[in-house]
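Each chain, written out:
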Amino acid sequence: QVQLVESGGGLVQAGESLRLSCAASGSIFGFTTMGWSRQAPGKQRELVAQLTTNDRPIYADSVKGRFTISRDNAKNTVSLQMNSLKPEDTAVYYCYAEEFRGQFWGQGTQVTVSS
């Protein structure tokens, strides 16, 4: 089994930055894709950013130019640097990872941006 654990969430003011990290452990064969999604209260979960091996990162339009995703394949970690945060970025952020057995998800970390 695979476990994903997020860290780095918190409460910040608009314009500030946060860095989310996600570490995978367990029986890992190699992830093709790692990424982040988020879910705000009353809204559907949405893709924030993902990075596929040997491919360019994909970002939601709402975070382009502000968020940067990175991954360390040797350590099975994925991070999300979030700059110029806005109140509308407030959500629970989930990391996920995909490989041939399917998709795995973390438990989520809360990010709250006050105006």
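Residues numbered from 1 in each chain as written. Predicted model: local features only at pLDDT ≥ 70, side-chain atom pairs only at ≥ 80, totals over all residues. Heavy atoms only, no water.

(A) Examining the sheet that holds strand β8 (residues 77-82) more closely. Strand order in the open sheet formed by four strands is β1-β3-β8-β7, with antiparallel pairing between adjacent strands. What marks the edges here is a single partner per strand, and that holds for β1 (2-7) and β7 (67-72). Within the sheet, the average angular offset between the axes of one strand and its neighbour, ignoring direction, is 15°. Pairing analysis gives six bridges linking β1 to strand β3 (residues 18-26), with the strands arranged antiparallel. For L4, the partnering residue across the bridge sits in β3 and is A24. (Pairing = 2+ DSSP bridges. Helix = DSSP H or I, 4+ residues; strand = E, 2+ residues; numbered from the N terminus. Axes fitted to C-alpha atoms, helices over the stretch in contact; angles between N-to-C directions.)

(B) Structural detail: the packing of aromatic side chains. Per the counting criterion, the structure on display carries three aromatic pairs. Each ring, one from F29 and one from F100, has its centre 5.3 Å from the other, and the planes form 75°; the classification is edge-to-face. Remark: F100 occurs in the loop between β9 (91-99) and β10 (102-105) and F29 occurs in the loop between β3 and β4 (33-39); sequence separation between them is 71 residues. When its relative accessible area of 64% is taken as the criterion, F100 is described as exposed. Centroid distance Y96 to W105: 5.0 Å. Interplanar angle 40°. Geometry classified as tilted. Cluster of aromatic residues (ring-pair linked, three or more members): Y94, Y96 and W105. Lying across the ring of Y94, R45 places its NZ or CZ 3.7 Å from the centre. (Phe/Tyr/Trp six-rings, centres within 6.5 Å; stacked < 30°, edge-to-face > 60°. Buried < 20%, exposed > 50% of the residue type's maximum accessible area, 1.4 Å probe, protein only. Lys NZ or Arg CZ within 6 Å of the ring centre and 35° of its normal.)

(C) Summary view of the state of the cysteines. Taken as a whole, this structure holds one disulfide when the rule is applied. Between the sulfur of C22 and that of C95 lies a disulfide, 1.9 Å long from S to S. Taken together, the residues C22 in strand β3 and C95 in strand β9 connect sequence positions 73 residues apart. (Disulfide = S-S within 2.5 Å.)

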